[in-house]
Amino acid sequence: MKSLSAFVFTLVLAVAAHAQTTLKAPSEAVLDRFLRYVKIDTQSQEDQTTTPSTRKQLNLANLLAKELTALGAQNVRVSEFGIVYATVPGNLPDNSKVPVVGFIAHMDTSPAVSGENVKAIIHKNYQGGDIVLPKDPSQIISVQKNPVLKELIGDDIITADGATLLGSDDKAGIAEIMTMIDTLRQNPQIKHGTIAIAFTPDEEVGTGIEKFDVKGFGAQVAYTVDGGALGEISEETWSARTATVTFQGKSTHPGSAKNIMINAMYAMADYLNRFPKDMLPETTEGRVGFVHPYAGTVDVETSSLKVLLRDFDMSGLEAKEKLLREMLAQTAAKFPEVKITIDVKENYKNMKEVLRDHPELTNNAMEAARRAGLKPFLKPIRGGTDGARLTFRGLPTPNLFTGGSNFHGKLEFNSRSGLEKSTETLVHLVQVFAEKS
Ligand SMILES: [Zn+2]
């Protein structure tokens, strides 16, 4: 199938270059789509009892449902939780031979920075140097902090104006998936199996995915399109636990406390001092895990501490829990009158534990990225993803790049090639699945 791949590759490249080609362009360019979506405020909110956490996310959900229908998608629906589902029928003689591949992106933007009245700016034909955002000149996208800018010379860079985030996370993913559907519709000669689509609310507050209907979605495998730099593919997340450590002392009136009061705070302080300085979030990166005391209460009678444990390997996570318990035994020996307990809960697991049994998911994505002219690479995510949650619910779901940078802040940006190359990769990806089945 090599010659066919090379053929299609040339075609899609040609579309990106706006050259004459037999492949028809989508009815709306991915950049135009993206610019429309970022104007719609979809900021989610922490600690709400409803899904979606904010009603305004439905504005985008309903628009996407309408556009999906117009693009010929079937079974288009918005669930009671604001999740948009749709199916793009395959065009093979026997679609049942190809797994149904799902593509998922999230509609909400981070609660950290406003997403209201986003004014996207296109910095045409970028020629290098720092980008100062006009509405707030203290907001500077510097080359030093964003070396990826050096690869974007001659590209059109898209930023917000300095007052808001851009919302590329994850409206880039939505625009890319929608443009993939559009491209497939315009070009029935591109062969693919059945494709499942979902756009979810409340990814940023971690609650939307709980309402995800894996069975109704109908995919055997899926990808979240919610990553960063071009070519970046993620099949690993943290394995995560949280420890709650409680120090029980004895409170009494300080005026008559001699030989009675047992101040639990000192035991907790002793414990905190034992945390190894080279195993903290502020001293680690890449594949190195950490322990992270992040919240607690101090009180004479009862002091307590919450500690995050994070590692990519289960053995590393086990070792960290063992260390926390050993440190606690040392503190307990020093403060025999303080009653100390530790309770460790599992939060989520590295999706690689499941994805290692589905190597074709990563391999096909790498192949698709290469066909789009990119150099794909694997990057573990120092966090959790919706895909990781779905993976453990029976839907293996690695994460694909969107071309964006600086998520959750006013310095967020993407580029024309970021959007176009990510879209191309998706178009190639459905073909790779069809070829390999
Ligand atoms: Zn995201």
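These remarks concern the structure in this document. (Residues numbered from 1 in each chain as written. Predicted model: local features only at pLDDT ≥ 70, side-chain atom pairs only at ≥ 80, totals over all residues. Heavy atoms only, no water.)

Thoughts on the sheet that holds strand 13 (residues 302-311)
- One open sheet holds the 4 strands; their spatial order is 12-13-11-14, and the pairing between them is antiparallel. Of all the strands in the sheet, the pair left with one neighbour each is strand 12 (290-297) and strand 14 (339-348). The average angle at which neighbouring strand axes cross in this sheet is 20°, direction not considered.
- Examined bridge by bridge, strand 11 (residues 239-248) and strand 14 share 9 bridges and lie antiparallel to one another. Residue pairing in the sheet places Arg241 in a bridge with Glu346 of strand 14. (Pairing = 2+ DSSP bridges. Helix = DSSP H or I, 4+ residues; strand = E, 2+ residues; numbered from the N terminus. Axes fitted to C-alpha atoms, helices over the stretch in contact; angles between N-to-C directions.)

Quick look at the nonpolar core
- Among the nonpolar cores identified, the biggest contains 65 residues, and Phe103, Ile177, Met180, Ile197 and Phe199 are the most heavily contacted of them.
- When sequence neighbours within four positions are dropped, the list of residues in contact with Phe103 reads Ile177, Met180, Ile195, Ala196, Ile197, Ala198, Phe217, Tyr223, Val225, Leu426, Leu429 and Val430.
- Counting 21 residues, the second largest nonpolar core, distinct from the first, contains Leu317, Met327, Leu328 and Phe335. (Core = buried A, V, L, I, M, F, W, Y, C linked by side-chain atoms within 4.5 Å. Buried < 20%, exposed > 50% of the residue type's maximum accessible area, 1.4 Å probe, protein only. Contact = heavy atoms within 4.5 Å.)

Some remarks on helix 2 (residues 30-38)
- Burial runs high along helix 2: 7 of the 9 residues are buried.
- Taken residue by residue, helix 2 has Val30, Leu31, Arg33, Phe34, Leu35, Tyr37 and Val38 as its buried positions.
- Of the surrounding elements, those touching the buried residues of helix 2 are helix 3 (57-70), strand 4 (121-123), strand 7 (157-159), helix 4 (168-186) and helix 11 (416-436).

Points about the sheet that holds strand 17 (residues 413-415)
- What the 3 strands build is an open sheet, ordered 4-7-17; its pairing is antiparallel. Every interior strand has two partners, whereas the edge strands, strand 4 and strand 17, have only one. Shown here is a sheet whose adjacent strand axes are inclined to one another by a mean of 30°, direction ignored.
- Pairing analysis gives 3 bridges linking strand 7 to strand 17, with the strands arranged antiparallel.

Remarks on the side chain of Ser44
- Checked against the element boundaries, Ser44 lands in the loop between helix 2 and helix 3.
- A residue is classified by how much of its surface remains accessible, and Ser44, at 2% relative accessible area, is buried.
- At 2.8 Å, the side chain of Ser44 and the side chain of Asp108 are in polar contact.
- Beyond its immediate sequence surroundings of up to four residues, Ser44 is in contact with Ser53, Thr54, Gln57, Asp108, Thr109, Pro111, Asp202, Glu204 and Val205. (Polar contact = N/O pair within 3.5 Å; in protein donor to acceptor, adjacent residues only side chain to side chain.)

Topic: the pattern of salt bridges
- Applying the stated criterion across every chain, the model contains 26 salt bridges.
- Notably, a salt bridge pairs Glu321 with Arg325, separated by 3.0 Å at the nearest N-O pair. Placement of the pair is Glu321 and Arg325 together in helix 7 (residues 314-334), with a separation of 4 residues, close to one helical turn.
- Assessed through its relative accessible area of 13%, Glu321 is described here as buried.
- Arg325 gets classed as partly exposed once you look at its relative accessible area, which sits at 37%.
- Note that Arg371 is salt-bridged to Glu435, the shortest N-O span being 2.9 Å. Here Arg371, found in helix 9 (residues 359-371), pairs with Glu435, found in helix 11; they are 64 residues apart in sequence, far enough to count as distant.
- Residues joined by salt bridges that share partners form a network here, namely Glu28, Arg33, Arg36, Glu67 and Asp182. (Salt bridge = Lys/Arg side-chain N within 4 Å of Asp/Glu carboxyl O.)

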